[in-house]
Amino acid sequence: MRHLSPVPEELLVVARRQEGLVSAAQCDEHGLRSHRRSRLVEQRRWTQVTRGVYDTDPVPPDRREGPAVSDHRRRRAAWVGLLAFGPEAIAVGPCALALLGVQGLPLQITAQAALPGGRATGSRDGILLRQFDDGMTVTRVADRYVATPDWALAQTVPEVARRYAVALMDSARHRGLLDARGLDRAHDMARGRRGVARTHSWWELSDRRSESPLETFARLDCLDAGVPPDDLQVVISGDRGQFLARGDLGWRTPDGRWLIAEIDGAEVHGSPHALFADRRRQNLLVASRGVALLRFTARDLAVVGRVGAEIRTFLDGARGSARSRTGLRPPSVG
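Parameters and conventions
- Residues numbered from 1 in each chain as written.
- Predicted model: local features only at pLDDT ≥ 70, side-chain atom pairs only at ≥ 80, totals over all residues.
- Heavy atoms only, no water.
- Axes fitted to C-alpha atoms, helices over the stretch in contact; angles between N-to-C directions.
- Helix = DSSP H or I, 4+ residues; strand = E, 2+ residues; numbered from the N terminus.
- Parallel < 35°, antiparallel > 145°, perpendicular 65-115°, else oblique.
- Left-handed = near helix turned anticlockwise from the far one by under 90°.
- Contact = heavy atoms within 4.5 Å.
- Nonpolar A, V, L, I, M, F, W, Y, C, P; charged D, E, K, R; others polar.
- Pairing = 2+ DSSP bridges.
- Phe/Tyr/Trp six-rings, centres within 6.5 Å; stacked < 30°, edge-to-face > 60°.
- Buried < 20%, exposed > 50% of the residue type's maximum accessible area, 1.4 Å probe, protein only.
- Lys NZ or Arg CZ within 6 Å of the ring centre and 35° of its normal.
- Core = buried A, V, L, I, M, F, W, Y, C linked by side-chain atoms within 4.5 Å.
- 1 Å grid on protein atoms, 1.4 Å probe; cavity = no way out; pocket = protein on both sides within 12 Å on 5 of 7 lines; lining within 4 Å.
- Points joined across faces, edges and corners; volume = space filled by probe spheres on them.
- Salt bridge = Lys/Arg side-chain N within 4 Å of Asp/Glu carboxyl O.

### Let's talk about the packing of helix 4 (residues 69-84) against helix 5 (residues 93-100)
- At a closest axis distance of 8 Å, the pairing of helix 4 and helix 5 adopts a crossing angle of 120 degrees. Taken together, the axis directions place helix 4 and helix 5 in an arrangement best described as oblique. Viewed along their axes, helix 4 and helix 5 form a crossing whose handedness is left-handed. Residue-level inspection shows Arg74, Arg75, Ala77, Ala78, Trp79 and Leu82 of helix 4 in contact with helix 5, the latter providing Cys95, Ala98 and Leu99.
- When its residues are assigned to classes, the contact of helix 4 with helix 5 shows 7 nonpolar, no polar and 2 charged.

### As for the pairing of strand 8 (residues 144-147)
- Here strand 4 (residues 90-91) runs beside strand 8; their pairing, made up of 2 bridges, is parallel. Bridging across to strand 8, Ala91 finds its partner in Val146.
- The pairing of strand 7 (residues 138-141) with strand 8 spans 4 bridges and is antiparallel. Pairing of Val141 across the sheet is with Arg144, part of strand 8.
- Between strand 7 and strand 8, which pair antiparallel in sequence order, lie 2 residues; one of them, Ala142, sits at a positive phi of approximately 50 degrees.

### Topic: the packing of aromatic side chains
- Throughout the structure, instances matching the rule amount to 2 aromatic pairs.
- For the pair Trp46 and Tyr54, a centre-to-centre distance of 6.0 Å together with 45 degrees between the ring planes defines the contact as tilted.
- Given a relative accessible area of 4%, Trp46 falls into the buried group.
- Plain terms: the ring middles of Tyr164 and Phe217 are 5.8 Å apart, the flat faces sit at 85 degrees to each other, and that makes the pair edge-to-face. Here the residue Tyr164 occupies a position in helix 7 (residues 162-174), and Phe217 occupies one in helix 9 (residues 213-224), the gap between them amounting to 53 residues.
- Judged by its relative accessible area of 26%, Tyr164 is partly exposed.
- For the cation-ring pair, Arg140 lies above Tyr145, with the distance from its terminal atom to the ring centre recorded as 4.4 Å.

### Some points on the environment of Val22
- In this structure, Val22 sits in strand 1 (residues 21-23).
- Considering only alpha carbons, one finds Val22 and Val80, 58 residues apart in sequence, at a separation of 9.0 Å.
- With near-sequence residues (within four places) excluded, Val22 lies in contact with Leu11, Ala15, Cys27, Trp46, Gly52, Val53, Tyr54, Thr56 and Leu83.

### Quick notes on the nonpolar core
- The biggest cluster of nonpolar side chains holds 53 residues, and the ones touching the most others in it are Phe85, Leu99 and Leu153.
- At the level of elements, helix 4, strand 4, helix 5, strand 5 (112-114), strand 8, helix 6 (149-156), helix 7 and helix 8 (180-190) are the ones that each hand at least two residues to this core.
- Considering each element in turn, this core owes the most residues, 7 residues, to helix 4.
- Every residue in contact with Leu153, bar those within four places of it in the chain, is listed here: Leu97, Pro158, Leu168, Met169, Ala172, Leu178, Leu183, Ala186 and Trp203.
- The next biggest cluster of nonpolar side chains, apart from the first, holds 19 residues, and it includes Ala218, Val227, Phe296 and Leu301.

### Focus: the layout of surface pockets
- Roughly 390 Å³ of volume is contained in the second largest pocket.
- Forming the boundary of the second largest pocket are 18 residues, of which Gln18, Ser23, Gln26, Leu83 and Arg144 lie nearest the centre.
- Sort the elements by how many residues they give to the lining of the second largest pocket and helix 2 (residues 24-29) lands first, with 4 residues.
- Looking at the lining of the second largest pocket residue by residue, the classes come out as 8 nonpolar, 6 polar and 4 charged.

### Details of the pattern of salt bridges
- What the rule picks out here adds up to 21 salt bridges.
- The residue Asp255 makes a salt bridge to Arg257 at a minimum N-O spacing of 3.1 Å.
- Here the residues in one salt-bridge network are Asp55, Asp57, Arg64 and Arg76, joined through shared partners.

### Examining unusual backbone geometry
- Of note in this structure, Ala142 is not a glycine but carries a positive phi near 50 degrees.
- Secondary-structure assignment places Ala142 in the loop between strand 7 and strand 8.
- Judged by relative accessible area, Ala142 falls into the partly exposed class, the value being 47%.
- Not every positive phi belongs to a glycine, and Gln233 is a case in point at roughly 50 degrees.
- Tracing the backbone shows Gln233 in strand 9 (residues 231-237).

### A short note on the sheet that holds strand 6 (residues 128-130)
- Reading across from one edge, 6-5-4-8-7 is the order of the 5 strands in this open sheet, with mixed pairing throughout. Because the sheet does not close on itself, it has two edges, and the strands there are strand 6 and strand 7.
- Taken together, the 3 bridges between strand 5 and strand 6 define a ladder with parallel strand orientation. By the bridge assignment, Ala113 is partnered in strand 6 with Leu129.

### Here's the deal with the environment of Tyr54
- Here Tyr54 is to be found in strand 3 (residues 53-55).
- Since its relative accessible area comes to 9%, Tyr54 is described here as buried.
- Among all residues touching Tyr54, those that are not within four sequence positions of it are Gly20, Leu21, Val22, Ala24, Arg37, Val41, Trp46, Thr47, Gln48 and Val49.

Have a look at this one:
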């Protein structure tokens, strides 16, 4: 039985930088010719994603596991677009945001790219070739062209739901990729695009203090429930003014306490170290007489309206207790 030579390690290094993907041209550069690639595909060690693009991971993307697998799949979609259309291809829209590290994209995004000068060779295999925007600026990520954050947001926001759109704006600002003026510029760039009319009010909801998409989702949930938080990243101090902890979202209750909502994401809070830190922070907050604490997870936020309803119920109860202590009765109904 003839044993095939191993895949060059230098090529595997390239693949790791590209979420496991390589192009036929990159394979040729490292001496892995077409007949060898065909054998790897036949043996199911590699898969051919589209013409001239190969995945070196034999596990299908939807069966891969790990703490950051969702981000991996989004970046992989971006690399599929770049490799499918050659070295001049530019990652645009959600693919650009994925490569720029902006958080808040939907779980699945479409592989897409653009070519300079508006050249269109045609979309294929579910990979979208978009028209190059006139005047679009680009930056470099891993030696490939990527639309700048303002253009990428302008291209993406009209195509996604509100919670994702605002989360993307929050993340871009929180990471320092855009300031308030840059966000305004992105909004202007988005004008005239299909679907943008419904988004104009969304751009005003961005808050750079949100540290994760889940925090953005919770804030919007509470806004829609009529109980927007009074503050974000609330610093809680002890009796002597010492720092105790910081809460994600906070509301002042009628008795002068803080209601703090902590938003727990599995990818950030799932490690043993993070769990220990969360427990210590929770103990400090609960021990403080001036704080009431509620905790929510991604599962809570998957049900739109749940978090806002719970916060509203708690605040209504706190107001009712305050009225009872002051001897006031709520007005009668009917």
